[in-house]
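Residue strings, one per chain:
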Amino acid sequence: MNQVKRTNWRSLGIEFFSIFIAVVSAFALNNWNENRRDAEAASKIMAEISNGLEKDREDIRVNMLGHEAGIRACQFWREVAQGQEVFTDTVLAHYSNLVRDYISIQNVSGYETLKSRGLELIEDDSLRRDIIALYEYDYKILKNFEEEYHEMQYQENYFQVINGMVAPYLIFDSRGNIVGLERPLKWSASEQKIFLSYLWKIEMNRRFLLSYYGHTKEKVQQLQEQIKEQLGS
């Protein structure tokens, strides 16, 4: 009888141990599969973010060129206002660029996917921090400057008053296109100073924004390099 009991306990112990090993193995396999799926998802999301960053760099480049053209327009009209000789065949471009506004287009689909899956999907703390900083801070500041900050809305703030001062001296062809500029401008000293103050304000704001664009462009490029390193490409 005792031998039978010992045998039963031994069998039960072996069976319990076998079940324990099976459960632990299944749990480990499931955990491994989840980690593998998370790693694959993270790689796909990072690749999507990197592709979006490439498009963002192009948008930044275009906007920077636009603001640089705006600065050249300020310089052109400053020379006009001060009675200096200028090439009036470029008046159309400088007239158009002087108060032109831009929008900040940002490809955030990859980042939004990451947020929906959980930011902790990116295991590298430094990479995760840099991604968050770019999308939640730098991009939002750029968008605010370009589209919402009142002082930098050139069309809204300056077009009517500048156009009122400049339009009477514009030369138009038979189709209504701007082809030149009558000289000299018959402004009073006060009108000249007001006009120059507008140009100064526009140029300073564009230079400030160009500086921030340059800073953001560097961060975008650095983030792309970090992601490529993570992806092993």
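For the structure, see preceding data.
Residues numbered from 1 in each chain as written. Predicted model: local features only at pLDDT ≥ 70, side-chain atom pairs only at ≥ 80, totals over all residues. Heavy atoms only, no water.

Engineer: Teacher, can you tell me more about the packing of aromatic side chains here?
Structural biologist: Both the distance between ring centres and the angle between the ring planes are used here to describe each pair of aromatic rings. One pass over the structure, following the stated rule, counts nine aromatic pairs. The interplanar angle of 90 degrees and the centroid separation of 5.2 Å between the aromatic rings of F76 and W77 together place this pair among those described as edge-to-face. When its relative accessible area of 6% is taken as the criterion, F76 is described as buried. Summarising the aromatic geometry, the rings of W187 and F195 are spaced 4.7 Å apart at their centres and angled 50 degrees between planes, so their arrangement reads as tilted. Pair check on accessibility: W187 and F195 agree, each one buried. Grouped by ring-pair contacts, the aromatic residues F145, Y149, F208 and Y212 constitute a single cluster. (Phe/Tyr/Trp six-rings, centres within 6.5 Å; stacked < 30°, edge-to-face > 60°. Buried < 20%, exposed > 50% of the residue type's maximum accessible area, 1.4 Å probe, protein only.)

Engineer: Looking at this model, I keep getting lost on the nonpolar core. Mind explaining?
Structural biologist: Nonpolar side chains in soluble globular proteins generally cluster together in the buried interior. L53, W77 and F195 are the most contacted members of the largest nonpolar core, which totals 54 residues. Elements with a contribution of two residues or more to this core: α1 (2-81), α2 (91-98), α3 (109-117), α4 (125-147), α5 (154-166), β2 (178-181) and α6 (189-231). The dominant element in this core, judged by the number of residues it contributes, is α1, at 15 residues. The residues contacting W77, other than those within four sequence positions of it, are V91, H94, Y95, L98, V166, L170, L181, F195 and L199. (Core = buried A, V, L, I, M, F, W, Y, C linked by side-chain atoms within 4.5 Å. Helix = DSSP H or I, 4+ residues; strand = E, 2+ residues; numbered from the N terminus. Contact = heavy atoms within 4.5 Å.)

Engineer: Sorry, what's going on with α4 here?
Structural biologist: Owing to its 3.6 residues per turn, the α-helix brings residues three or four apart onto one side. With 23 residues, α4 should cover 33 Å at 1.5 Å per step; its first-to-last C-alpha distance of 32 Å lies within 8% of that length. The principal kink in α4, of about 35 degrees, is found at L134. For α4, the N-terminal cap is D124; the gap from its side-chain oxygen to the backbone nitrogen of S126 is 3.0 Å. (Expected span 1.5 Å × (residues − 1). Bend = angle between axes of the 7 residues up to and from the residue. Polar contact = N/O pair within 3.5 Å; in protein donor to acceptor, adjacent residues only side chain to side chain.)

Engineer: Looking at this structure, I do not really get the pattern of salt bridges. What am I missing?
Structural biologist: Proximity of charged atoms lets side chains of opposite charge pair with each other. Summed over all chains, the structure comprises eleven salt bridges. A salt bridge links E136 to K115; its shortest N-O distance comes to 3.5 Å. Here the residue E136 occupies a position in helix α4, and K115 occupies one in helix α3, the gap between them amounting to 21 residues. Between E203 and R207 there is a salt bridge, with the nearest N and O atoms lying 3.0 Å from each other. Remark: R207 and E203 occur in helix α6; sequence separation between them is four residues, near one turn of the helix. With a relative accessible area of 7%, E203 lands in the buried category. Because the salt bridges share partners, they merge into one network encompassing E112, K115, E136 and K140. (Salt bridge = Lys/Arg side-chain N within 4 Å of Asp/Glu carboxyl O.)

Engineer: Would you mind showing me how to read α5 here?
Structural biologist: Here α5 contains 13 residues, and its C-alpha end-to-end distance of 16 Å is more than 12% below the 18 Å for a straight helix at 1.5 Å per residue. A maximum bend of about 30 degrees is found in α5 at Q160. For α5, every residue scored as buried is listed here: Y154, Y158, I162, M165 and V166.

Engineer: What exactly am I supposed to notice about the packing of α4 against α6 here?
Structural biologist: The description of two helices packed together rests on the angle between their axes and the distance between the axes. Close contact between α4 and α6 brings their axes to 10 Å; oriented N to C, the two are set at 155 degrees. As judged from the angle between their axes, α4 and α6 are roughly antiparallel. Here the hand of the crossing between α4 and α6 comes out left-handed. Split into classes, the residues belonging to the contact of α4 with α6 amount to 16 nonpolar, five polar and four charged. (Axes fitted to C-alpha atoms, helices over the stretch in contact; angles between N-to-C directions. Parallel < 35°, antiparallel > 145°, perpendicular 65-115°, else oblique. Left-handed = near helix turned anticlockwise from the far one by under 90°. Nonpolar A, V, L, I, M, F, W, Y, C, P; charged D, E, K, R; others polar.)

Engineer: So what exactly am I meant to see when it comes to the environment of Y154 here?
Structural biologist: Relative to the assigned elements, Y154 resides in helix α5. Given a relative accessible area of 1%, Y154 falls into the buried group. The spatial distance from the C-alpha of Y154 to the C-alpha of R100 is 6.6 Å, given a sequence separation of 54 residues. Contact partners of Y154, with chain neighbours within four places excluded, come to V99, R100, D101, F159, I202, N205 and R206.

Engineer: What am I meant to see in the environment of D138 here?
Structural biologist: Within the fold, D138 resides in helix α4. D138 has contacts with A133, Y212, H215, T216 and K219, leaving out every residue within four places of it along the chain.

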